[in-house]
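Below, each chain spelled out in residue letters.
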Amino acid sequence: MNQDNRHSVSVSGVVLDAEGRALLIQRRDNSHWEAPGGILERDEDITTGLRREVHEETGLEVEVEALTGVYKNMARGIVALVFRCRAVAGSLTENDESRAFQWVTADEVASFATEAFAIRVLDAMRGEYRPAIRQHDGIHLIGSSSTA
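Let me begin by describing the structure that accompanies this report. (Residues numbered from 1 in each chain as written. Predicted model: local features only at pLDDT ≥ 70, side-chain atom pairs only at ≥ 80, totals over all residues. Heavy atoms only, no water.)

**Considering the overall build of the chain**
Consideration 1: When helices and strands are counted, the chain shows three helices and nine strands.
Consideration 2: In the chain, the order of α-helices and β-strands from amino to carboxyl end is β-β-β-β-α-β-β-β-α-α-β-β.
Consideration 3: Taken along the three principal axes of its C-alpha coordinates, the chain extends 40 × 30 × 30 Å.
Consideration 4: For the chain, with 148 residues in total, the buried portion stands at 43%.
Consideration 5: Once local pairs closer than 6 in sequence are excluded, the contacts in the chain between residues at least 24 apart make up 61%.
Consideration 6: Surface accessibility of the chain: about 8,100 Å² in total, with carbon and sulfur atoms responsible for 47%. (Helix = DSSP H or I, 4+ residues; strand = E, 2+ residues; numbered from the N terminus. Buried < 20%, exposed > 50% of the residue type's maximum accessible area, 1.4 Å probe, protein only. Contact = heavy atoms within 4.5 Å. Areas by Shrake-Rupley, 256 points an atom, 1.4 Å probe, with all protein chains shown as cover.)

See below:
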């Protein structure tokens, strides 16, 4: 397979609190606000990778509730699986990957995150049972969206 045709798979956890707010992290590498997550390791299953990534970036242990969306960054070839989660243990801890945390309402998400990342959080906050399927260029949504 040609290296240019490969995709990577990432996972993100939109952690919701009892008030329905979503947790965003501010990444150390680019200062962007996003839901915690990252690239799956080749030998780990999806749920294990999701829990690992959320814990590494936040210090929280989470219970996975639902797949809320599948997103493809067309420019970078990254397919992201996004899940709604809730914290069951741990405490927010800054680390090498995250410099700050913010609990946000649906109305506040767009003021923190770019369109491509805000929509992931909003899709998870909606609580629908069918995941959204969307494409973006790394910043803006591209084309139409659908639900599975």
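Now that the structure is up, let's keep going.
**Notes on the sheet that holds strand S3 (residues 33–34)**
Consideration 1: Taking strand neighbours across the sheet as the criterion, the three strands line up as S3-S2-S7 in an open arrangement whose pairing is antiparallel. Two strands bound the open sheet, and with one partner strand each, they are S3 and strand S7 (98–104).
Consideration 2: Bridging between strand S2 (residues 22–27) and S7 involves six bridges; their strand directions are antiparallel. Each residue of the ladder has a partner; that of Ala-22, found in S7, is Val-104. (Pairing = 2+ DSSP bridges.)

**Here we look at the nonpolar core**
Consideration 1: One finds Val-14, Ala-22, Tyr-71, Val-109, Val-121 and Met-125 to be the most contacted residues of the largest nonpolar core, which totals 21 residues.
Consideration 2: Listing elements by their share of this core, those giving two or more residues are S2, strand S6 (78–90), S7 and helix H3 (115–126).
Consideration 3: If you tally residues by element for this core, the top one is H3, at seven residues.
Consideration 4: In terms of nonpolar packing, the next biggest core, distinct from the first, is built from 13 residues, Ile-25, Leu-60, Val-62 and Leu-81 among them. (Core = buried A, V, L, I, M, F, W, Y, C linked by side-chain atoms within 4.5 Å.)

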